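# Reading the structure
Take a look at the letters that make up each chain.
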Amino acid sequence: MCCTNGSQNKNINTSYSIDDVVVDLETMCLTYQNKNIVFSLKERTNTLVNDYQLKFLGSLQLENEHYELLQKTNLSGQEFDSQRSNVSIVLFLNNKLYGEFTGLSNIYSVNVQSNTICIYNKETNYTTKFEITDTIPVQLFIPYTIKDSIPRGDILYLNKHINR
């Protein structure tokens, strides 16, 4: 297996699992902390094509804790043109995996500014902002319509992880 960075190739030990390589990509993303770089890995089997993409979003400074956030996108399908997306916001505390907000798709664009997570819906052209000052919430609600005074939207759930 090989990673390409412009004109440089990096060989990767093939005894690693894909999950191990994704963890390595997360580590590189956290090391570089550049919002303009997307780290990517493409995996192809006989029946499936997976494209993993990781992007550094920024940092949240809460009372005594400093979190770094990545956007992880997994495009999966039988062919590149029929892939479905699974997008999540991954949180790291002291360079250890803290948790992951799951439930996004590629219709959303995520940005972190200061202590605010901004989630832009490309279909509705609406941005939802979450100012986080003291604790990481266990869920985020992203409204996209209000019908009969009932907001409809997507809920992102925080899946906490045991630090790895």
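Residues numbered from 1 in each chain as written. Predicted model: local features only at pLDDT ≥ 70, side-chain atom pairs only at ≥ 80, totals over all residues. Heavy atoms only, no water.

A word on unusual backbone geometry. A positive phi is found at asparagine 95, a non-glycine position, where the angle reads about 60°. Within the secondary structure, asparagine 95 is located in the loop between strand S6 (84–93) and strand S7 (96–104). (Helix = DSSP H or I, 4+ residues; strand = E, 2+ residues; numbered from the N terminus.)

Summarising the sheet, strand S3 (residues 38–44) and strand S4 (residues 49–61) pair through seven bridges and their orientation is antiparallel. Note that in S4 the partner of serine 40 across the bridge is glutamine 53. (Pairing = 2+ DSSP bridges.)

Within a regular strand, the side chains alternate between the two sheet faces. Burial along strand S8 (residues 108–113) is one-sided: the residues Tyr108, Val110 and Val112 are buried and none of Ser109, Asn111 and Gln113 is. Pairing of S8 with strand S9 (residues 116–121), which is carried by six bridges, proceeds in the antiparallel orientation. Paired with valine 110 across the strands is isoleucine 119, a residue of S9. (Buried < 20%, exposed > 50% of the residue type's maximum accessible area, 1.4 Å probe, protein only.)

The next point concerns the nonpolar core. Among the nonpolar cores identified, the biggest contains 24 residues, and Tyr67, Leu69, Ile89, Leu104, Ile117, Ile119 and Ile136 are the most heavily contacted of them. For this core, the secondary-structure elements that each account for two or more residues are S4, strand S5 (66–77), S6, S7, S8, S9, strand S11 (139–147) and strand S12 (150–160). Looking at this core element by element, the count peaks at four residues for S6. Apart from residues no more than four positions distant in its own chain, tyrosine 67 is found in contact with Gly58, Ser59, Leu60, Leu62, Leu91, Phe92, Leu93, Tyr98 and Ile136. Core analysis: the next-biggest nonpolar cluster, separate from the first, contains 15 residues, Val22, Leu25, Leu30 and Leu70 among them. (Core = buried A, V, L, I, M, F, W, Y, C linked by side-chain atoms within 4.5 Å. Contact = heavy atoms within 4.5 Å.)

This paragraph deals with the packing of aromatic side chains. In total, this model carries two aromatic pairs according to the counting rule given. Here tyrosine 32 and phenylalanine 39 contribute two aromatic rings whose centre-to-centre distance is 5.9 Å and whose plane-to-plane angle is 35°, an arrangement assigned as tilted. Consider the rings of tyrosine 67 and tyrosine 98, whose centres lie 5.2 Å apart with planes at 75°: the pair is edge-to-face. Note that tyrosine 67 is positioned in strand S5 and tyrosine 98 in strand S7, a separation of 31 residues in sequence. Here the two residues tyrosine 67 and tyrosine 98 agree in accessibility, since each one is buried. (Phe/Tyr/Trp six-rings, centres within 6.5 Å; stacked < 30°, edge-to-face > 60°.)

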